[in-house]
Amino acid sequence: MGFVGVDPVPVVRMEDHDRAFATWVEAGSSDRVVLHLDAHLDLEPLARRDELESALRSAGDLGGALRAILARRVTIGNFLTAAFERGVLRRLLWVVPDPAWDALDRTALACDLARTHGRDLSVRADEADQLILDFGSGRTVEARPLRALETPGEPVLLDVDADVFLPRLETLEDPERVLPLLWPDELLERLAACRIESDLATVSASVRGNYVPARLRFLADDVAALLAGRPRPARALHRLSAEAWSAGDLAAARAALEEALARDPGDAATWFQLAL
């Protein structure tokens with residue numbers, strides 16, 4: 001247990017974000033607050049258990065049974081829904097960088113969630129820097145920008161997807177040139193200022209799903225190291241290399257990576273970027 005950005009926090013680093021659900025279950029988490037730092041809300045619906053049982057009882061509807069089974073599968077898009085259903089969490093704090101929030105269509109988000117979770121969902125509040133959605137049975141989702149983050153009042157399960165640092169790649173003409181909206185050290189400074197306390201952090205790279213360009217894979221490594229209090233001598237050089245790459249200066253990008261390698265020859269993220 002520690003204050004994020006001040007004390008070391010136990011970290012589980014993963015590639016695909018749905019592994020966070022399994023991590024929480026394995027840790028015995030129950031009735032928790034999750035601070036979800038992600039470009040996506042990951043609250044797609046699961047098939048209801050009664051729908052699954054009905055389909056399985058219908059021997060003549062094997063296709064329906066298969067669809068129902070697949071709809072119960074935990075994925076990167078619905079693992080938070082699974083966590084609500086399992087009782088892992090009761091309160092979800094979804095936080096995005098300020099520019100991402102300002103570009104967010106909150107009405108469309110609420111309508112989409114109402115369409116998929118309509119039997120439970122109601123909008124409790126919709127303000128400039130806050131959207132609170134009530135799913136019933138004491139379950140709430142609170143969405144807000146990083147500038148409006150406040151101390152939750154209890155320790156959280158901290159959940160970071162590296163795509164939170166970036167604008168939505170599907171909105172960009174050249175996603176390979178993208179730079180972060182903010183950097184891992186800047187995020188940790190804000191979390192430290194808010195006195196966020198956590199006993200477990202999960203960090204997802206999300207490169208395999210094409211949510212984060214391969215050349216920015218180091219973002220997940222950097223934020224995991226910062227959370228755990230591990231030194232990363234090459235962190236500033238990774239940023240310098242990314243900025244040079246985005247500007248089209250490939251020689252400067254490579255030079256920064258080579259210097260990073262000289263400082264920390266065992267850094268896998270540096271080797272990975274040099275191989276691109």
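Right above here is the structure, for reference.
The model shown is predicted, which means the values in this text are computed figures rather than measured ones.

Counting its secondary structure elements, the chain contains eleven helices and nine strands. Considering the chain as a whole, with its 276 residues, one finds that 49% of them fall into the buried category. Considering only contacts in the chain between residues 6 or more positions apart, those separated by 24 or more positions represent 72%. Element-wise, carbon and sulfur atoms account for 51% of the exposed surface of the chain, whose accessible area totals about 12,800 Å².

Across soluble globular proteins, nonpolar side chains have a tendency to be buried as a group. Leu35, Leu37, Leu158 and Leu191 are the most contacted members of the largest nonpolar core, which totals 39 residues. Elements with a contribution of two residues or more to this core: strand 3 (32-37), strand 4 (89-96), strand 8 (156-161), helix 7 (184-193), strand 9 (197-204) and helix 8 (218-228). If you tally residues by element for this core, the top one is helix 8, at six residues. Beyond its immediate stretch of four places on either side in the chain, Leu158 contacts Val4, Leu35, Leu37, Leu191, Ser198, Leu200, Ala201, Thr202 and Leu227. Leu41, Leu43, Val88 and Val141 belong to the second-largest nonpolar core, a separate cluster that totals 30 residues.

The next thing to look at is helix 6 (residues 106-117). Look at helix 6: 16 Å from first C-alpha to last across twelve residues, which is about the 16 Å you get at 1.5 Å a residue. Listed in full, the buried residues belonging to helix 6 are Leu109, Ala110, Leu113 and His117. The buried residues of helix 6 occupy an angular sector of 95° when the element is viewed end-on, so they sit on one face. Exposed residues pointing more than 90 degrees away from the buried face of helix 6 are listed as Thr107 and Arg115.

Under the defined criterion, the tally for this structure stands at two aromatic pairs. Each ring, one from Trp24 and one from Phe79, has its centre 6.1 Å from the other, and the planes form 45°; the classification is tilted. Taken together, the residues span a long stretch of sequence, with Trp24 in helix 1 (residues 19-26) and Phe79 in helix 4 (residues 79-86) at a distance of 55 residues. Trp24 sits in the buried class, given a relative accessible area of 0%. The buried category is assigned to Phe79, whose relative accessible area is 0%. With a centroid separation of 6.2 Å and 25° between ring planes, the pair formed by Phe84 and Phe135 is classed as stacked. In this pair, Phe84 is assigned in helix 4 and Phe135 in strand 6 (residues 130-136), connecting sequence segments 51 residues apart. The burial state of Phe84 is the same as that of Phe135; both residues are buried.

Examined against the element boundaries, Asp159 turns out to sit in strand 8. Leave out the neighbours within four places in its chain, and Asp159 touches His17, Ala20, Trp24, Val34, Leu35, His36, Leu37, Phe79 and Thr202.

So, on to the layout of surface pockets. The probe, sized like a water molecule, is rolled over the atoms to show the empty space still left. Taken as a whole, the largest pocket encloses approximately 460 Å³ of empty space. At four residues, helix 6 tops the list of elements feeding residues into the lining of the largest pocket. By residue class, the composition of the lining of the largest pocket is nine nonpolar, six polar and eight charged.

The next subject is empty space enclosed by the protein. If you walk through the whole model with that rule in mind, you get one cavity of 30 Å³ or more. Contributing to the lining of the largest cavity are Ala39, His40, Asp163, Leu166, Pro167, Arg168, Leu169, Glu170 and Tyr211. Of the residues that constitute the lining of the largest cavity, the class distribution is five nonpolar, one polar and three charged.

With that settled, consider the packing of helix 10 (residues 250-263) against helix 11 (residues 268-275). The relative placement of two packed helices is expressed as an angle between their axes plus a distance between the axes. Between helix 10 and helix 11, whose axes approach to 9 Å, the crossing angle comes to 150°. By the angle between their axes, helix 10 is roughly antiparallel relative to helix 11. Handedness of the crossing formed by helix 10 with helix 11: left-handed. Contacts between helix 10 and helix 11 involve Arg254, Leu257, Glu258, Ala260 and Leu261 from the first element and Thr270, Trp271, Gln273 and Leu274 from the second.

Rules behind the numbers
Residues numbered from 1 in each chain as written. Predicted model: local features only at pLDDT ≥ 70, side-chain atom pairs only at ≥ 80, totals over all residues. Heavy atoms only, no water. Helix = DSSP H or I, 4+ residues; strand = E, 2+ residues; numbered from the N terminus. Buried < 20%, exposed > 50% of the residue type's maximum accessible area, 1.4 Å probe, protein only. Contact = heavy atoms within 4.5 Å. Areas by Shrake-Rupley, 256 points an atom, 1.4 Å probe, with all protein chains shown as cover. Core = buried A, V, L, I, M, F, W, Y, C linked by side-chain atoms within 4.5 Å. Expected span 1.5 Å × (residues − 1). Arc of directions from axis to C-beta. Phe/Tyr/Trp six-rings, centres within 6.5 Å; stacked < 30°, edge-to-face > 60°. 1 Å grid on protein atoms, 1.4 Å probe; cavity = no way out; pocket = protein on both sides within 12 Å on 5 of 7 lines; lining within 4 Å. Points joined across faces, edges and corners; volume = space filled by probe spheres on them. Nonpolar A, V, L, I, M, F, W, Y, C, P; charged D, E, K, R; others polar. Axes fitted to C-alpha atoms, helices over the stretch in contact; angles between N-to-C directions. Parallel < 35°, antiparallel > 145°, perpendicular 65-115°, else oblique. Left-handed = near helix turned anticlockwise from the far one by under 90°.

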